[in-house]
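Summary of the model geometry
Residues per chain, in single letters:
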Amino acid sequence: MAHPGCSRWRRTRGFPALPIPGVLFRDVLPGLEDPDSFRTCISLLANHLRKTHGAKIDSERGVGCVLIRKRAHRVASYTLQNRQAELAIQKDTLEPGQEVVIVDDLLATGGTTCAAAELLGQLQAEALECVSLVELTSLKGREKLRAVPFSLLQYE
Ligand SMILES: O=P(O)(O)OC[C@H]1O[C@H](OP(=O)(O)OP(=O)(O)O)[C@H](O)[C@@H]1O
Ligand SMILES: Nc1ncnc2[nH]cnc12
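What you see is a predicted model, and the numbers here were worked out from it, not measured in a lab.

**Side note on the packing of aromatic side chains**
- Under the criterion given, the structure shown has zero aromatic pairs.
- The ring of Tyr155 has Arg26 sitting right over it, with the charged end atom 3.7 Å from the ring centre.

**Thoughts on the site of ligand 2**
- Within the structure, ligand 2 sits among Val23, Leu24, Phe25, Arg26, Leu106, Ala108 and Leu136.
- Here a nitrogen atom of ligand 2 and a backbone polar atom of Leu24 are 2.8 Å apart.
- Within the backbone of Arg26, an N or O atom sits 2.8 Å from a nitrogen atom of ligand 2.
- For ligand 2, whose free accessible area comes to 270 Å², the fraction covered by protein is 79%.
- Top contributing element to the shell around ligand 2 by residue count: strand β2 (residues 24-27), with three residues.
- Split by residue class, the shell around ligand 2 holds six nonpolar, no polar and one charged.

**Some points on the confidence of the model for the chain**
- Per-residue pLDDT for the chain has a mean of 85; in total, 89% of the residues score no lower than 70.
- Of all helices and strands in the chain, the one with the weakest mean pLDDT is strand β3 (residues 69-70) (84), whereas strand β7 (residues 150-155) scores best (96).
- Note that residues 72-82 has pLDDT below 50 and, in this model, seven contacts with residues that lie over four places away or in other chains.
- For this predicted complex, the interface confidence reaches an ipTM of 0.95, while the overall pTM sits at 0.87.

**A closer look at unusual backbone geometry**
- Note that the residue after Leu18, namely Pro19, is joined by a cis bond; omega there is 0°.
- Within the secondary structure, Pro19 sits in the loop between β1 (13-16) and β2.

**Quick notes on a nonpolar patch on the surface**
- Side chains of Ile20, Val23 and Phe25 sit close together on the surface and give an oily, nonpolar patch of about 220 Å² of accessible area.
- Mapped onto the elements of the fold, Phe25 is located in strand β2.

**Description of the layout of surface pockets**
- Empty space within the second largest pocket amounts to approximately 300 Å³.
- Ala117, Ala127, Cys130, Arg146 and Ala147 are, among the 13 residues lining the second largest pocket, the residues nearest its centre.
- Those elements giving two or more residues to the lining of the second largest pocket turn out to be α3 (111-122) and β6 (126-136).
- Examining the composition of the lining of the second largest pocket, we find that five residues originate from one element, α3, more than from any other.
- Split into classes, the residues belonging to the lining of the second largest pocket amount to eight nonpolar, two polar and three charged.

Cut-offs applied
Residues numbered from 1 in each chain as written. Chains lettered and ligands numbered in written order. Predicted model: local features only at pLDDT ≥ 70, side-chain atom pairs only at ≥ 80, totals over all residues. Heavy atoms only, no water. Phe/Tyr/Trp six-rings, centres within 6.5 Å; stacked < 30°, edge-to-face > 60°. Lys NZ or Arg CZ within 6 Å of the ring centre and 35° of its normal. Near = heavy atom within 4 Å. Polar contact = N/O pair within 3.5 Å; in protein donor to acceptor, adjacent residues only side chain to side chain. Areas by Shrake-Rupley, 256 points an atom, 1.4 Å probe, with all protein chains shown as cover. Helix = DSSP H or I, 4+ residues; strand = E, 2+ residues; numbered from the N terminus. Nonpolar A, V, L, I, M, F, W, Y, C, P; charged D, E, K, R; others polar. pLDDT = per-residue confidence, 0-100. Contact = heavy atoms within 4.5 Å. Patch = residues over 30% accessible without salt bridge, like charges linked within 9 Å, V, L, I, M, F, W, Y side chains within 5 Å. Salt bridge = Lys/Arg side-chain N within 4 Å of Asp/Glu carboxyl O. 1 Å grid on protein atoms, 1.4 Å probe; cavity = no way out; pocket = protein on both sides within 12 Å on 5 of 7 lines; lining within 4 Å. Points joined across faces, edges and corners; volume = space filled by probe spheres on them.

Okay, structure coming up:
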């Protein structure tokens, strides 16, 4: 069920047949470009995380952000439809034992989130939770994950 706050969030835009026929690409960018909608997304996720991890998330120091990147994002040109993706993280960005929330715009098959969790494991960091704006439930990504993921909006 969609989070009740989702009515205040400009939703997604669908691109049929992207990157291949049969796939409806759910683009979350319209909801991030609109200032009110962007604020709503952030505050809905932050409220959830404060509820589930209170003191850890709402510390006086706030939280930082570490990027996990697709390798393709590091080169000047790449094949858009190449679904063989690789993720990378800088080795010294997290300390062993550091607690992290994995945030991705969208959960589909769960491959990306699993790969992110594997990278965190390599650095001995601990994934507290995985959160996303959108979840494509028919792809059953949540079944692949060790922790129960949280998403604001679900599409089949
Ligand atoms: O659960 P999964 O099946 O791994 O899919 C989730 C990923 O799919 C999208 O990335 P994509 O590479 O399609 O496009 P984007 O990075 O340009 O958003 C999205 O941003 C997630 O990272
Ligand atoms: N249908 C979809 N829309 C957006 N991102 C995706 N990642 C995997 N499938 C996707």
